[in-house]
Amino acid sequence: MTAPADDTRRLALMALLALWVAAWGLSVMQLLAEPTGDGFTRGMNRMSGFLGWQGVAGMIALSLWGVGRGFAKPSGIRRVSAVPLGLTLVLLLALAGAAIWRLSGQP
């Protein structure tokens, strides 16, 4: 039987994972929303909403990773807790790569 502390940690991990999935889903919904406004600002609300919710999801992912570090090293729960942080880092690398590519003068 598991200790009550492990059960509490597992419950916190599940709650944080549910919050992360919700924030990630809201960011995708913001990205797929209809653009509003005219000219340069047309669609800017979609990108700012997407990046805002991704920021929230990134903070939750960091918390998930921290809670998951308390589990035994070879456990699957510990690996699952690192997935959201990995996806956040992939998104950051993609954004940095796009910015560098754009600044390098490529069309």
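Residues numbered from 1 in each chain as written. Predicted model: local features only at pLDDT ≥ 70, side-chain atom pairs only at ≥ 80, totals over all residues. Heavy atoms only, no water.

A. Quick look at the nonpolar core. Leu 13, Leu 16, Trp 20, Ala 23, Ala 57, Ile 60, Ala 61, Leu 64, Phe 71 and Leu 85 together form the largest nonpolar core, which totals ten residues. Secondary-structure elements contributing two or more residues to this core are helix 1 (4–31) and helix 2 (44–68). Those residues in contact with Ala 57, other than ones at most four positions away along the chain, are Trp 20, Ala 23 and Trp 24. (Core = buried A, V, L, I, M, F, W, Y, C linked by side-chain atoms within 4.5 Å. Buried < 20%, exposed > 50% of the residue type's maximum accessible area, 1.4 Å probe, protein only. Helix = DSSP H or I, 4+ residues; strand = E, 2+ residues; numbered from the N terminus. Contact = heavy atoms within 4.5 Å.)

B. Just the packing of helix 1 against helix 2, in detail. Between helix 1 and helix 2, whose axes approach to 8 Å, the crossing angle comes to 165 degrees. As the angle between them shows, helix 1 and helix 2 are arranged roughly antiparallel. For helix 1 against helix 2, the interelement crossing comes out left-handed. Among the residues making up the contact of helix 1 with helix 2, the classes are represented as 19 nonpolar, seven polar and two charged. (Axes fitted to C-alpha atoms, helices over the stretch in contact; angles between N-to-C directions. Parallel < 35°, antiparallel > 145°, perpendicular 65-115°, else oblique. Left-handed = near helix turned anticlockwise from the far one by under 90°. Nonpolar A, V, L, I, M, F, W, Y, C, P; charged D, E, K, R; others polar.)

C. Structural context of the pattern of salt bridges. In this structure the tally under the stated criterion is two salt bridges. For the salt bridge of Arg 9 with Asp 6, the shortest nitrogen-to-oxygen distance reads 3.2 Å. In this pair, Arg 9 and Asp 6 both sit in helix 1, three residues apart, roughly one turn of the helix. Note that Arg 10 and Asp 7 form a salt bridge whose closest N and O atoms lie 3.4 Å from each other. With Arg 10 and Asp 7 both in helix 1, this residue pair falls three residues apart, about one helical turn. By relative accessible area, Arg 10 is classed as partly exposed at 29%. Owing to a relative accessible area of 38%, Asp 7 belongs among the partly exposed residues under this scheme. (Salt bridge = Lys/Arg side-chain N within 4 Å of Asp/Glu carboxyl O.)

D. Here's a closer look at a nonpolar patch on the surface. A surface patch of nonpolar side chains, amounting to about 960 Å² of accessible area, comprises Val 28, Leu 31, Leu 32, Phe 40, Met 44, Met 47, Leu 51, Leu 89, Leu 92 and Leu 95. Only helix 1, helix 2 and helix 3 (76–103) provide two or more residues apiece to the nonpolar patch. Here Leu 51 shows up in helix 2. Overall, Leu 51 belongs to the partly exposed group, its relative accessible area being 39%. (Patch = residues over 30% accessible without salt bridge, like charges linked within 9 Å, V, L, I, M, F, W, Y side chains within 5 Å. Areas by Shrake-Rupley, 256 points an atom, 1.4 Å probe, with all protein chains shown as cover.)

E. How the structure looks around the side chain of Ser 27. Considering the arrangement of structural elements, one finds Ser 27 in helix 1. Ignoring any residue separated from it by four or fewer positions in sequence, one finds Ser 27 in contact with Phe 50, Trp 53 and Gln 54.

F. Quick peek at helix 1. Here helix 1 spans 41 Å end to end across 28 residues, near enough to the 40 Å set by a 1.5 Å rise per residue. Within the sequence span of helix 1, burial applies to Leu 13, Leu 16, Trp 20, Ala 23 and Ser 27. On the buried face of helix 1, the contacting elements are helix 2 and helix 3. (Expected span 1.5 Å × (residues − 1).)

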